[in-house]
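These are the residues of each chain, in order.
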Amino acid sequence: MPMRLGRDVVERWYKNPIITIEHVPFACNTVFNAAATKLGDEYILLLRIEDLAGRSVFALARSEDGYHFSVDPQPALEPSKEEPFRSYERRGIEDPRITYLEGAYYIMYTAYSRYGARLALCRTTDFKTYERLGLISEPENKDGCLFPRKINGRYVRLDRPYGGGIGNIWLSYSDDLLHWGDSEVVMTTRGGFWDADRIGASAPPIETEHGWLEIYHGVKNTSAGPIYRMGAALLDLDNPAKVLCRSAVPILTPREYYERVGDVGNVVFSCGAIMEDGGKIKIYYGAADTCICLGFADVEMLIDRCRVDSDGEDLE
Ligand code: BMA
């Protein structure tokens, strides 16, 4: 497969953005960073919607084809009024990721409060009723992505604890999805690269014959503020803390007007992707923290991009 160097590997849908606040039937400020899954033949996005006060809730959008979505009239999940969640969600619930695992959909999201950001877990089987299972990290931690199956008998997640002034991608294990440990660092920022200052998992890992394909985001601070780009890495199937290869070049970088301009400009940020038959992947992503867009990629091409460009060397 020829490399398309100098261009994004992810191809944008020509009708982007696919969801803006015009599609949301209730008053809100922005809609962005949606989790993605399928319920039978139906495409489901769990949208992060920021209300007029600046607090985020989740709402469901449905589609028959993955391109045209309609948003439910009411939010699906709002910051909880019940303890222990109430204290830790008072500033909103953010950036959900959905993983289908053992017959249920697990939603890992960021609970945000004056104590900072921490991970929480919720379960649904029908996207009608939701059961909050627990707060599953201390602050400061976000970008939690659950793997879609147990590995060596344990549940696994990627996350992004913030330590030493650096945001790197870590991995933890659990026997019950509630208590997590044996944490280790998986991927670090790369000085001089597009992902020099902060990285985090974006879509839950996708299993391929070559390894777990992880679409992640990387941040580079510039004199005009941060730029959020998207990259890919391949993790070992049996030991997902081992990075097999990682793209030196982003797979998607903000270029279009709707990615450049919004509440937070120069941001492409995915929380979900859907594997289609024939090795194609639909990547849903928030643009400029203001709308939701769709991009396509060929999985083999993404993996090639990881392999060809990977050297993992710090440029400094
Ligand atoms: C990150 C997250 C995302 C957001 C991004 C850009 O820290 O909070 O939800 O899209 O910043 O503002």
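In this text, all values refer to a predicted model and were calculated from it rather than measured experimentally. (Residues numbered from 1 in each chain as written. Predicted model: local features only at pLDDT ≥ 70, side-chain atom pairs only at ≥ 80, totals over all residues. Heavy atoms only, no water.)

### Thoughts on the overall build of the protein chain
Next up, step 1: Counting its regular elements, the protein chain contains three helices and 22 strands.
Next up, step 2: In summary, the protein chain has a C-alpha radius of gyration of 18 Å against a globular reference of 20 Å for 316 residues, a match within 12%.
Next up, step 3: Evaluated residue by residue, the protein chain yields a buried proportion of 58% over its 316 residues.
Next up, step 4: At a minimum sequence separation of 6, the contacts of the protein chain that also span at least 24 residues come to 51%.
Next up, step 5: When the accessible surface of the protein chain is totalled, it reaches about 13200 Å², and 46% of it is carbon and sulfur. (Helix = DSSP H or I, 4+ residues; strand = E, 2+ residues; numbered from the N terminus. Rg over C-alpha atoms; globule rule 2.2 N^0.38 Å. Buried < 20%, exposed > 50% of the residue type's maximum accessible area, 1.4 Å probe, protein only. Contact = heavy atoms within 4.5 Å. Areas by Shrake-Rupley, 256 points an atom, 1.4 Å probe, with all protein chains shown as cover.)

### A closer look at the pairing of strand 17 (residues 211–222)
Within a regular strand, side chains alternate between the sheet's two faces.
Next up, step 1: Burial analysis of strand 17 places nine of its 12 residues in the buried class, the great majority of the element.
Next up, step 2: Here four bridges tie strand 15 (residues 198–201) to strand 17, and the two strands are oriented antiparallel to one another. Bridge pairing in strand 17 links Arg198 to Val219.
Next up, step 3: When strand 16 (residues 206–208) meets strand 17, the two strands line up antiparallel, connected through three bridges. Within strand 17, the residue paired with Glu207 across the bridge is Trp212.
Next up, step 4: Count of turn residues in the strand 16/strand 17 antiparallel hairpin: two residues.
Next up, step 5: As judged from the 11 bridges shared by strand 17 and strand 18 (residues 225–235), these two strands associate in the antiparallel manner. In the strand pairing of strand 18, His217 is matched with Met230.
Next up, step 6: The antiparallel hairpin formed by strand 17 and strand 18 contains two residues in its connecting segment. (Pairing = 2+ DSSP bridges.)

### Concerning the site of the ligand
Next up, step 1: Near the ligand, the surroundings consist of Asn33, Arg48, Asp95, Lys142, Tyr228, Val264, Val267, Phe269 and Asp289.
Next up, step 2: For the ligand, an oxygen atom lies 2.6 Å from a polar atom in the side chain of Asp95.
Next up, step 3: The separation between an oxygen atom of the ligand and a polar side-chain atom of Lys142 is 3.3 Å.
Next up, step 4: Burial of the ligand by the protein chains amounts to 83% of its free accessible area of 310 Å².
Next up, step 5: Broken down by class, the residue content of the shell around the ligand amounts to four nonpolar, one polar and four charged. (Near = heavy atom within 4 Å. Polar contact = N/O pair within 3.5 Å; in protein donor to acceptor, adjacent residues only side chain to side chain. Nonpolar A, V, L, I, M, F, W, Y, C, P; charged D, E, K, R; others polar.)

### Quick word on the pairing of strand 8 (residues 116–124)
Next up, step 1: Counting buried residues in strand 8 gives eight out of nine residues, a clear majority hidden from the surface.
Next up, step 2: Linking strand 7 (residues 104–113) to strand 8, which pair antiparallel, is a turn of two residues.
Next up, step 3: As paired elements, strand 8 and strand 9 (residues 131–135) share four bridges and run antiparallel to each other. Looking across to strand 9, one finds that Arg123 is bridged to Glu131.

### Some points on unusual backbone geometry
Next up, step 1: Note the cis peptide between Asn16 and Pro17, where omega equals -5°.
Next up, step 2: Following Glu83, the chain continues into Pro84 via a peptide bond in cis, with omega recorded as 5°.
Next up, step 3: Unlike most non-glycine residues, Asn33 shows phi in positive territory, near 45°.
Next up, step 4: Turning to its location among the elements, Asn33 is positioned in strand 2 (residues 30–39).

### Things to note about the packing of aromatic side chains
Next up, step 1: Counted under the stated rule, the structure contains 12 aromatic pairs.
Next up, step 2: Residues Tyr67 and Phe296 carry aromatic rings whose centres are separated by 6.0 Å and whose planes lie at 45° to one another, so their mutual orientation is tilted. With Tyr67 in the loop between strand 4 (56–63) and strand 5 (70–71) and Phe296 in strand 22 (residues 291–298), this pair connects stretches of sequence that are 229 residues apart.
Next up, step 3: When the ring of Phe69 is compared with that of Tyr284, the centres are 5.8 Å apart and the planes differ by 90°; the resulting orientation is edge-to-face. Pair noted here: Phe69 is in the loop between strand 4 and strand 5 and Tyr284 is in strand 21 (residues 280–287), with a separation of 215 residues, a long-range link.
Next up, step 4: Aromatic ring contacts, followed pair by pair, group Trp13, Tyr14, Tyr67 and Phe296 into a single cluster.
Next up, step 5: Positioned above the aromatic ring of Tyr112, the side-chain terminus of Arg91 is 6.0 Å from the ring centre.
Next up, step 6: A cation sits over an aromatic face here: Arg118 above Tyr88, 4.5 Å from the ring centre. (Phe/Tyr/Trp six-rings, centres within 6.5 Å; stacked < 30°, edge-to-face > 60°. Lys NZ or Arg CZ within 6 Å of the ring centre and 35° of its normal.)

### Re the pattern of salt bridges
Next up, step 1: Scanning all chains against the criterion turns up 20 salt bridges.
Next up, step 2: The closest approach of N and O atoms between Arg48 and Asp95, which form a salt bridge, is 2.9 Å. Of this pair, Arg48 sits in strand 3 (residues 42–50) while Asp95 sits in strand 6 (residues 92–101), and the two are 47 residues apart along the sequence. The pair Arg48 / Asp95 is uniform in exposure class, with both members buried.
Next up, step 3: Linking Asp51 and Arg55 is a salt bridge whose minimum nitrogen-to-oxygen distance equals 3.7 Å.
Next up, step 4: Classification of Asp51 by relative accessible area gives buried; the value is 18%. (Salt bridge = Lys/Arg side-chain N within 4 Å of Asp/Glu carboxyl O.)

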